[in-house]
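# Residue-level structure breakdown
Residue strings, one per chain:
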Amino acid sequence: MIRRPPRSTPKPSSAASDVYKRQVACRAADFVSFDVPEPPTGLDSGRRVVHASKRPLVDKRACAELVAGAEAAAAARGWTTDRHAHAPTCDVPAHDLPPAAAAVARAVVRRILFPCATTLFPRLVDAARPPVVRDCFVIRYDADGDAPGFASLKPHVDESLVSFTVPLNERDEYDDGGLFVAPTGDLINGDAGSVLCFYGGVPHGGYPISRGTRRVLTAFLVAGANASGQPPGYALP
């Protein structure tokens, strides 16, 4: 869970400021949509419950800030590998990121991911009442068995209405990998800053990488009124 922010909020990094300056005007035309067989009932998007942006939506500097922040947090506290019992990942939760990187994560969620969710899943996510972030974290995948990250993530479903994954490093830094959509066999990936958005109930996994290290920002959104007294984008433990 993303914890309550500190009373004294540090000045955002330049990367976070850049994200805050521009709220993405998300359009369905900016995404490629994928059909799945037997989609859940009640979804206004029908079979199209997996979406991938045609271009990066998250600034490259923001991606680099998140990668550096995750590495710094891991150097201080280690990578977590037991927060998700049914589908373990090697990750750093957003609340453990250094202040500058945490500010970037909040900016990405509020300014980019929320608008995309309301556009792509308007019946699930009410634009007038922003969703709550159930969890947000930076994942590390490693092909080398001696490195901290896992090479893959087994197929599973998320405890979310809408899930996001944002690749944080370029594809020339690793081979293979990507979002594996189990019902169709589709394998979806993108350049750093691309946004992959899907209904949390779709079985999916992380396809194995065979070289290098792949880094991904993941966020789980759920519906519900924000009773925390904090700005949208926080979920209390």
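Let me sum up the structure you'll find in this document. (Residues numbered from 1 in each chain as written. Predicted model: local features only at pLDDT ≥ 70, side-chain atom pairs only at ≥ 80, totals over all residues. Heavy atoms only, no water.)

This part is about the overall build of the chain. The helix and strand inventory of the chain stands at three helices and 10 strands. Across the chain, helices and strands are ordered from the amino to the carboxyl terminus as α-β-β-α-β-α-β-β-β-β-β-β-β. For the chain, with 237 residues in total, the buried portion stands at 49%. Of the contacts formed within the chain by residues at least 6 apart in sequence, a portion of 78% connects residues at least 24 apart. (Helix = DSSP H or I, 4+ residues; strand = E, 2+ residues; numbered from the N terminus. Buried < 20%, exposed > 50% of the residue type's maximum accessible area, 1.4 Å probe, protein only. Contact = heavy atoms within 4.5 Å.)

Moving on to the pattern of salt bridges. Tallying each qualifying case throughout the model produces 11 salt bridges. Between Glu170 and Lys60 there is a salt bridge; the shortest N-O distance is 3.9 Å. Of this pair, Glu170 sits in the loop between β6 (162–167) and β7 (174–181) while Lys60 sits in helix α2 (residues 60–77), placing them 110 residues apart in sequence. By relative accessible area, Glu170 is classed as partly exposed at 25%. The salt bridge involving Glu71 is made with Arg140; its shortest N-O contact spans 3.0 Å. You can see Glu71 sitting in helix α2 and its partner Arg140 sitting in strand β4 (residues 132–142), a full 69 residues away along the chain. Taking the relative accessible area as the measure of exposure, Glu71 reaches 26% and is therefore partly exposed. (Salt bridge = Lys/Arg side-chain N within 4 Å of Asp/Glu carboxyl O.)

Of all the six residues making up strand β2 (residues 48–53), five are buried; the element is thus mostly covered by neighbouring parts of the structure. Sheet topology places β2 next to strand β9 (residues 196–199); three bridges connect them, and they run antiparallel. Note that in β9 the partner of His51 across the bridge is Cys197. (Pairing = 2+ DSSP bridges.)

Moving on, we get to the packing of α2 against helix α3 (residues 99–120). Between α2 and α3, whose axes approach to 9 Å, the crossing angle comes to 135 degrees. Considered as vectors, α2 and α3 are oriented oblique to each other. For the crossing formed where α2 meets α3, the hand is left-handed. Contact with α2, carried on its side by Ala62, Glu65, Leu66 and Gly69, involves Ala100, Ala101, Val104 and Ala105 of α3 and no other residues of that element. Split by residue class, the contact of α2 with α3 holds six nonpolar, one polar and one charged. (Axes fitted to C-alpha atoms, helices over the stretch in contact; angles between N-to-C directions. Parallel < 35°, antiparallel > 145°, perpendicular 65-115°, else oblique. Left-handed = near helix turned anticlockwise from the far one by under 90°. Nonpolar A, V, L, I, M, F, W, Y, C, P; charged D, E, K, R; others polar.)

This part covers the nonpolar core. Counting residues in hydrophobic clusters, the biggest one holds 55 residues, and the most contacted among them are Val50, Leu97, Leu113, Phe164 and Val195. Within the residue set of this core, elements represented by two or more residues are β2, α2, α3, β4, β6, β7, β9 and β10 (204–222). When residues of this core are assigned to their parent elements, the largest contribution, 12 residues, is made by α3. With sequence-adjacent residues up to four places away left out, Val195 is seen in contact with Phe31, His51, Ala52, Ser53, Leu57, Val58, Ile112, Leu113, Phe164, Thr165 and Val166. Counting nine residues, the second largest nonpolar core, distinct from the first, contains Ala87, Tyr174, Ile209 and Val216. (Core = buried A, V, L, I, M, F, W, Y, C linked by side-chain atoms within 4.5 Å.)

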